[in-house]
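Per-entry structural report
What follows is the residue order along each chain.
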Amino acid sequence: MSADPLLQPYTLKHLTLKNRVMSTAHEPAYSEDGLPKDRYRLYHREKARGGLALTMTAGSAIVSPDSPAAFGNLHAYRDEIVPWLRSLADDCHAEGCAVMIQVTHLGRRTGWNKADWLPVLAPSGVREPAHRAFPKAAEEWDIDRIVADYASAAQRMQAAGLDGMEFEAYGHLMDQFWSPATNRRDDQYGGSLDNRLRFTWRVIDAVRAAVGPDFIVGIRMVADEDWDQGLSRQEGVEIARRIAASGQFDFINLIRGHIDTDAALTRLIPIAGMASSPHLDFAGEVRAETRVPVFHASRIADVATARHAIATGKLDMVGMTRAHIADPHIVAKTARGEEHRIRPCVGATYCLDRIYEGGEALCIHNAATGREGAIPHVIPRSPAPGKRVVVVGAGPAGLEAARVAAERGHHVAVLEAAPRAGGQVLLLCRNARRRDMVGIVDWRVAELERLGVAMRFNVTAEAEDVLALEPDVVIVATGGMPQCPPLAEGADLVTSSWDILAGTDSPGANVLVYDDSGGHQGMSAAEVAARAGAAVELLSPERFFAPEMGGLNHAPYMGAFHELGVRVTINTRLRSVRRDGNQLVATLSSDFAPHWSDERRVDQVVVEHGTAPLDDLYVALKPRSRNGGEIDYRALLAGAAPFPIRNAEAAFTLYRIGDAVASRNIHAAIYDAVRYGLTW
C-alpha cells in the first residue's frame with residue numbers, strides 16, 4: 001500500500017472510502033428537467049474512474065417545490081429522481097467510488113419568478129442581494145411542511161442506493177435560521193441560539209426517523225460568516241460542537257464566509273490571484289475542537305496542499321472540486337506517480353461563473369468536462385494513425401490541436417511566429433492577478449515534450465513553408481489581432497488594450513478605456529493602467545459592464561477599481577476621437593438619446609473590440625487543400641469526419657480553429673481543437 005497520506009483509506013461509520021480525496025457538492029447544471037440523466041451521470045462516473053473516493057452530487061438538491069432551482073438544481077422532492085440517481089450510484093460504485101448527495105431548501109437564495117412562481121421564504125423578510133427576492137417570513141405551517149419534505153427527500157436518497165447525504169447550511173434556509181443577519185424572529189425560532197437551532201433539530205430528527213440510524217447523514221455548514229452582521233466564529237463553532245455532540249450527524253463539511261453578494265462569495269470561493277486554501281487552517285481548528293470527521297474544500301487546487309491537509313490532521317477528507325473539473329483523474333495520476341501530468345486548475349473559475357450566470361459548468365481548458373458522452377478525457381489512438389500534421393500557431397488552440405493529434409498517433413509539427421508558446425494567454429498574464437493562467441500553456445507544452453512533438457519558434461509561416469512539410473492535415477491556429485471599434489473618426493489615434501497589457505504603450509496620465517467587448521481584456525487594461533498611476537474611466541455601451549464575465553471574476557476587478565478610483569460609465573458609446581493640442585478629445589453618444597453627446601478630454605484613449613482573424617495563411621492555402629477549408633457542421637456535430645472533398649488531387653485537409661476563425665475565448669479555442677481532432 002502507498003504511504004501517501006492522500007491514498008490511505010478512511011472509515012466513515014460503516015463506509016470505507018478508498019482514499020482521502022472527494023469532490024464536494026456543486027451543481028454543474030447538467031440536469032434535465034431537474035433530474036440527473038445521462039450527462040449528469042457521465043460527469044460523476046468520470047471522476048469515479050479517475051480514482052476519486054467520494055463524489056458528493058448536487059449543489060444542492062431541493063426538497064420542496066417552493067425552493068425553485070437557482071442553479072439547475074436537482075429535484076429531490078420528486079419520486080422520478082430515484083432511478084436516475086440509482087444509475088449514477090451504480091456506475092460510480094462499479095469504480096469503487098462512494099456517492100452522496102447534498103439536499104437543501106434554498107430559502108431566500110433563489111427567485112420568486114421561477115418554476116411555479118411560489119413565494120420565496122426565509123426566517124425573516126430579509127432580502128438577499130444576489131438573487132434580489134424579497135422573501136416572506138416562514139410561518140409555522142411552512143416550517144412543518146419543509147421538515148416533512150426533508151424527511152421524504154432523505155427516503156428517496158436512501159432508496160436510490162446512495163451512501164449518504166448532507167444538509168446544506170451556508171447561505172440556505174437552515175443556516176438562515178442560525179444567522180443574526182437573516183433571523184430577526186421573536187418566536188420560538190428566533191433570539192437565543194437554542195431557538196435558532198430549533199429548525200435544524202426538527203429536520204435531523206425527522207430525517208433520522210425516516211432513514212434510521214445507519215444511513216450516513218452529515219452537514220455542510222458555515223461556522224463563521226466572517227461578517228459583523230452575521231454568525232460569529234464563537235457561535236458558529238458552538239453550533240459545530242452541538243452538532244457533533246448530538247450523535248445524529250456523521251460528519252461536518254466545513255466552510256467559512258457568507259455568500260449573499262458576489263464580493264462575499266469570492267472571498268469564500270477564491271479565484272486566480274487570490275490566496276489558495278484560505279480556510280484550511282480554520283477547518284483544522286474546528287476539527288480539533290469538535291473531534292468530529294471534517295471535510296472541507298476551498299481552492300485546494302494542487303495535490304501538495306491536499307496531502308498537507310491530510311498529513312497534518314486538519315481534515316479527514318479533502319475536497320478538490322474545481323481541480324476535478326479541470327482533471328477528473330487526479331487520484332489515478334497521483335497513484336501512478338504522474339502528479340506532473342495533472343491538468344492544473346488555474347483558478348479561472350469559468351466553471352462557477354457560468355453556473356451563476358445561468359449556464360452549465362465548463363472548464364476553461366478542459367473541453368471534455370460536461371461533454372463526457374462525446375469527448376473522452378483520455379484521447380484515444382486514431383484508427384488511422386501516422387498522418388503528417390502541421391499546426392500553425394502555438395496559442396491555446398494550436399497547442400491543444402497538437403496535443404490531440406499526437407495522442408492520436410499522428411506526426412505533428414508546430415510552427416509559431418513568436419519566440420515562445422502561449423499566444424494571448426501570455427498577454428492576459430501581464431495582469432499580475434491572472435498569472436496562474438499560464439498553467440494552460442505550461443501543461444500543454446509539457447505534454448507535447450512528453451509526446452515528442454517538434455515546435456519551431458520565430459517562424460512566420462507562409463504557404464510554401466507549410467507545403468514543404470508535405471502535410472496530410474494543416475490546422476491554422478494563428479489567432480487574431482486587436483481591432484478598433486467602429487468610429488466616425490480617430491481610429492488612428494487610439495491605443496489597443498493589447499498595447500497597454502503588453503507594455504508596448506505606457507498609460508497616459510488621464511485614460512479613457514472603451515470596452516466594446518465585455519470580457520477580461522478591457523477590464524484588465526483599465527486595472528493595469530490604474531495601477532500604473534493613471535486616472536482611468538472605463539466606458540461601456542452595455543447596460544451593465546463586462547457582460548462576458550461572471551460575478552466571481554468581476555469582484556476582484558471591482559475591488560481594484562474602487563481602491564484605484566476607476567470611474568465606470570455604462571450605456572455610452574465612443575463615437576469619435578480627435579486631437580486637440582497635446583490631448584485627445586473623445587466624443588460620446590447614446591443609443592437611447594440620439595441627439596445627446598458628451599466629450600472627454602484625456603491623454604489616451606484605449607479601446608477593446610475583440611480580435612480580427614489572422615487568416616492570410618488560411619486564405620492562401622484554401623485553394624490548394626482537399627476541402628477548400630470547408631467544414632460540414634452537421635457531420636462535426638455527429639462526431640463524423642467534417643471535411644468534404646472538393647479537390648481530390650490535393651494532398652492535405654485544411655481547417656482553422658480558435659480566434660483564427662472569429663474572436664471568442666480560450667474555452668472555444670480548446671473545444672475547437674479537441675472536437676475536430678477526434679474526427680480523423
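Residues numbered from 1 in each chain as written. Predicted model: local features only at pLDDT ≥ 70, side-chain atom pairs only at ≥ 80, totals over all residues. Heavy atoms only, no water.

For the rest of this paragraph, the subject is the sheet that holds strand β21 (residues 567–569). One open sheet accounts for five strands, arranged β18-β25-β19-β20-β21; its pairing is parallel. In this open sheet, the two edge strands, each paired with only one partner strand, are β18 (495–496) and β21. Where strand β20 (residues 535–539) and β21 come together, three bridges link them in parallel fashion. Pairing of Leu538 across the sheet is with Val568, part of β21. Its contacts with the sheet place helix α19 (residues 520–531) against β19 (510–515), β20 and β25 (604–608), and it is angled at close to 165° to β20. (Pairing = 2+ DSSP bridges. Helix = DSSP H or I, 4+ residues; strand = E, 2+ residues; numbered from the N terminus. Contact = heavy atoms within 4.5 Å. Axes fitted to C-alpha atoms, helices over the stretch in contact; angles between N-to-C directions.)

Here the focus is unusual backbone geometry. Backbone torsion omega between Gly59 and Ser60 reads 10°, so that peptide bond is classified as cis. Phi angles above zero are rare outside glycine, and Ala58 is one such case at about 65°. Tracing the backbone through its elements, the reader meets Ala58 in strand β4 (residues 54–62).

Per the UniProt record, "domain: FAD/NAD(P)-binding" (unreviewed entry) is annotated on residues 388–628. For residues 388–628, the helix share is 30%, the strand share is 27%, and the end-to-end C-alpha distance is 18 Å. (UniProt positions renumbered as here; feature names shortened; annotations may be inferred.)

Right, let's talk about the pattern of salt bridges for a bit. Scanning the entire structure with this criterion turns up 55 salt bridges. One salt bridge connects Asp250 with Lys13, and the closest N-O pair in it is separated by 3.1 Å. You can see Asp250 sitting in the loop between α7 (233–246) and β10 (252–255) and its partner Lys13 sitting in the loop between β1 (10–12) and β2 (15–17), a full 237 residues away along the chain. On the basis of relative accessibility, which here comes to 12%, the residue Asp250 falls in the buried class. The exposure class of Lys13 is partly exposed, given its relative accessible area of 36%. Residue Arg601 is joined to Asp580 by a salt bridge in which the shortest nitrogen-to-oxygen separation is 2.9 Å. Here Asp580 lies in strand β22 (residues 573–580) and Arg601 lies in strand β24 (residues 597–602), a separation of 21 residues in the sequence. Shared partners join several salt bridges into a network, and the residues in it are Asp194, Arg233, Glu238, Arg241, Arg242, Glu285 and Glu289. (Salt bridge = Lys/Arg side-chain N within 4 Å of Asp/Glu carboxyl O. Buried < 20%, exposed > 50% of the residue type's maximum accessible area, 1.4 Å probe, protein only.)

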